[in-house]
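# A look at the structure
Here is what each chain is made of, one letter per residue.
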Amino acid sequence: MAGGHERSTKALKEVWRRAENSLCADCGKPDPDWASSTLGVFICLSCSGIHRNIPSISKVKSLKMDHWDDAQVQFLAKHGNAVTKATYEAHIPIYYYQPTYNDCQVLREQWIRAKYERREFTEPGKQLPYSDGVKEGILWKRGRDNGQFLPRKFLLSEREGCLKYFTKQDAKEPKINVKIDVINATFQPVKIGNPNGLQITYLKDNKTRNIFVYHESGKEVVDWFNAIRSVQFHYLKVAFPIASDNEIKNRLTRNFLKEGYMEKTGPKQREAFKKRWFTLDHRRLMYFKDPLDAFAKGEVFVGSRENGYSVQKGLPSGTQGNFSWHHGLTIVTPDREYLFTCETETDQLDWIAAFTSVINQAMTPQEYASKCLDALFL
């Protein structure tokens, strides 16, 4: 018995060490130490918890703590991440968002369920709930002024190239009608206070407008998210016919680079620093009095180093404004300097890293043109 156990353990380690199994099959996290004995994939601890919730499809075991018999090890050896992905990820639409280990629970869970439980990607040309070019339904939307979440009818149309929502079910005219090419969507469960919280943003008069929504069903809210990406993709394919599919994919919805509280002072740099919520959305740095505000109180364009932008640790000597946080940073632009303070050194370094990543990127002609239209801090 002991010899058989040692043999299966050695065989398991050999399969586990294969390059194809070095990342979680579902979220890409390095060094997965769990596996599904029924699917044959190597997965991380977090994804194993999701697999455990679909026991009719997947049975998971620890590669370190649990015993694997010869038959199970042979099954893993025959399958593994590469073979299993070739089956369950064979026909993923290019616009479908494939989450990583940095993404929220609802995205990762619905990705796993879409692959293994609903088998959405195993057949070519399969009709999917987010691929019709139109989606209509109810989402709970946060009121701009009262902060209450109320059911609202939303309509997404590829033919019209827009997203609408209506305050009443039988309303003839929408409250908003937004062109699909100015929309972004990103999951914000912590900020919204709901595990299925989705933030939809769009440009209005070159300023960002935020809408916060959720749905009780994780599947439904992720379907809405991918429906938006689907409509955007097909809209951009028409607008940019010579662009490759991957180029267009990179222009679909995006996560914010960084969010959190900092203190800021005004343009004279003598005013008291005030605590505000900041969002860095690529080259747009916006600040809000409250994280769930519909509109930013101010925005500033963050350009590239070659155009005179930089970020510096600390505040200029002689800064006079009163501030309670002491980990400062300064954004230098061709027009002025912007002064901020962070609560901790970790926050300070994280913000500096985020700004640096943007500033080190060359500006596109479109970004350079938009610089002239952006509002500055008040």
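What counts, and where the lines are drawn
- Residues numbered from 1 in each chain as written.
- Predicted model: local features only at pLDDT ≥ 70, side-chain atom pairs only at ≥ 80, totals over all residues.
- Heavy atoms only, no water.
- Core = buried A, V, L, I, M, F, W, Y, C linked by side-chain atoms within 4.5 Å.
- Buried < 20%, exposed > 50% of the residue type's maximum accessible area, 1.4 Å probe, protein only.
- Domains from an automatic or database assignment.
- Contact = heavy atoms within 4.5 Å.
- Helix = DSSP H or I, 4+ residues; strand = E, 2+ residues; numbered from the N terminus.
- Pairing = 2+ DSSP bridges.
- Axes fitted to C-alpha atoms, helices over the stretch in contact; angles between N-to-C directions.
- Parallel < 35°, antiparallel > 145°, perpendicular 65-115°, else oblique.
- Left-handed = near helix turned anticlockwise from the far one by under 90°.
- UniProt positions renumbered as here; feature names shortened; annotations may be inferred.
- Arc of directions from axis to C-beta.
- Salt bridge = Lys/Arg side-chain N within 4 Å of Asp/Glu carboxyl O.
- Disulfide = S-S within 2.5 Å.
- Phe/Tyr/Trp six-rings, centres within 6.5 Å; stacked < 30°, edge-to-face > 60°.

## Topic: the nonpolar core
Counting 55 residues, the largest nonpolar core has Ile43, Leu156, Ile183, Phe187, Leu198 and Ile200 as its most contacted members. Built from parts of two domains, this core gets at least three residues from each of domain 1 (1–117) and domain 2 (134–250). Look past the residues within four positions of Phe187 in its chain and what remains in contact with it is Cys104, Val106, Leu107, Asn196, Gly197, Leu198, Val221, Val222 and Phe225. Counting residues in each nonpolar core, the second largest holds 22 residues, with Phe278, Phe301, Tyr309 and Ile331 among its members.

## Digging into the pairing of strand S17 (residues 337–342)
For S17, a buried count of five out of six residues is recorded, marking the element as mostly surrounded by other parts of the structure. Two strands pair when backbone bridges link them, and strand S16 (residues 327–332) and S17 are joined in this way by six bridges, in the antiparallel orientation. Directly across from His327, in S17, lies its bridge partner Cys342. Hairpin geometry of S16 and S17 is characterised by an intervening segment of four residues between the two adjacent antiparallel strands.

## Here we look at the pairing of strand S9 (residues 198–204)
Each regular strand displays side chains that alternate between the two surfaces of the sheet. Counting buried positions over the seven residues of S9 gives five, a clear majority of the element. In terms of strand pairing, strand S8 (residues 183–187) meets S9 through five bridges, oriented antiparallel. In the sheet register, Asn184 faces S9, and the bridge partner there is Thr201. One ladder, built from seven bridges, connects S9 with strand S10 (residues 207–214); its direction is antiparallel. Its bridge partner lying in S10, Gln199 is registered against Phe212.

## Re the packing of helix H2 (residues 45–52) against helix H5 (residues 105–117)
Between H2 and H5, the shortest axis-to-axis distance is 10 Å and the interhelical angle comes to 55 degrees. Classified by the interaxial angle, the pair formed by H2 and H5 is oblique. The chirality of how H2 crosses H5 is right-handed. Counting all contacts with H2, which are made through Ser46, Cys47, Ile50 and His51, the residues of H5 involved are Gln105, Arg108, Glu109, Ile112 and Tyr116.

## So, the UniProt feature "domain: PH" (unreviewed entry) in the protein
In this numbering, the UniProt entry assigns the feature "domain: PH" (unreviewed entry) to residues 132–233 and 255–360. Between the end C-alpha atoms of residues 132–233 the distance is 13 Å, and the span holds 20% helix and 46% strand. As annotated, residues 255–360 comprises 14% helix and 38% strand, and the C-alpha atoms at either end are separated by 19 Å.

## So, helix H4 (residues 80–88)
Buried within H4 are the following residues: Gly80, Asn81, Thr84 and Tyr88. Buried residues of H4 fall within an arc of 115 degrees about the axis and therefore sit on the same side. As for H4, its buried residues are in contact with strand S2 (42–43), helix H3 (70–78) and H5.

## What to know about the pattern of salt bridges
Counting across every chain of the model gives 18 salt bridges. One salt bridge connects Glu160 with Arg159, and the closest N-O pair in it is separated by 3.7 Å. You can call Arg159 exposed: its relative accessible area is 76%. As a salt-bridge pair, Lys164 and Glu160 come within 2.8 Å of each other at their nearest N and O atoms. Exposure remark for Lys164: the relative accessible area of 12% places this residue in the buried category. A network of salt bridges, in which partner residues are shared, links Asp26, Lys85, Glu89 and Lys115.

## Considering the sheet that holds strand S14 (residues 298–301)
Hydrogen bonds along the backbone pair up the strands of a sheet, which may run parallel or antiparallel. Taken in spatial order, the seven strands of this open sheet run S14-S13-S12-S11-S17-S16-S15, and their pairing is antiparallel. At either end of the open sheet lies a strand with only one pairing partner, and these are S14 and strand S15 (310–313). The mean angle between the axes of side-by-side strands here comes to 35 degrees, regardless of whether they run parallel or antiparallel. Looking at chain direction, S15 and S16 are connected through four bridges and run antiparallel. By the bridge assignment for S16, Ser310 is matched with Val332. Sitting on the sheet, helix H9 (residues 345–359) touches strand S11 (258–264), strand S12 (274–281), strand S13 (284–288), S15, S16 and S17, and the angle it makes with S15 is about 160 degrees.

## Quick word on the state of the cysteines
A complete count under the given rule lists zero disulfides for this structure. With no disulfide partner, Cys27 has as its closest neighbouring cysteine sulfur the one in Cys44, 3.7 Å distant. Of the residues examined, Cys27 reaches a relative accessible area of 5% and is grouped as buried.

## What about the packing of aromatic side chains?
Taken as a whole, this structure holds 19 aromatic pairs when the rule is applied. Centre to centre, the rings of Tyr95 and Phe233 are 6.5 Å apart; their planes meet at 45 degrees, and the pair counts as tilted. Pair noted here: Tyr95 is in the loop between H4 and H5 and Phe233 is in helix H7 (residues 218–239), with a separation of 138 residues, a long-range link. The same class applies to Tyr95 as to Phe233, namely buried. The structure contains a cluster of three or more aromatic residues connected by ring pairs, namely Tyr95, Tyr96, Trp111, Phe121, Tyr130 and Phe233.

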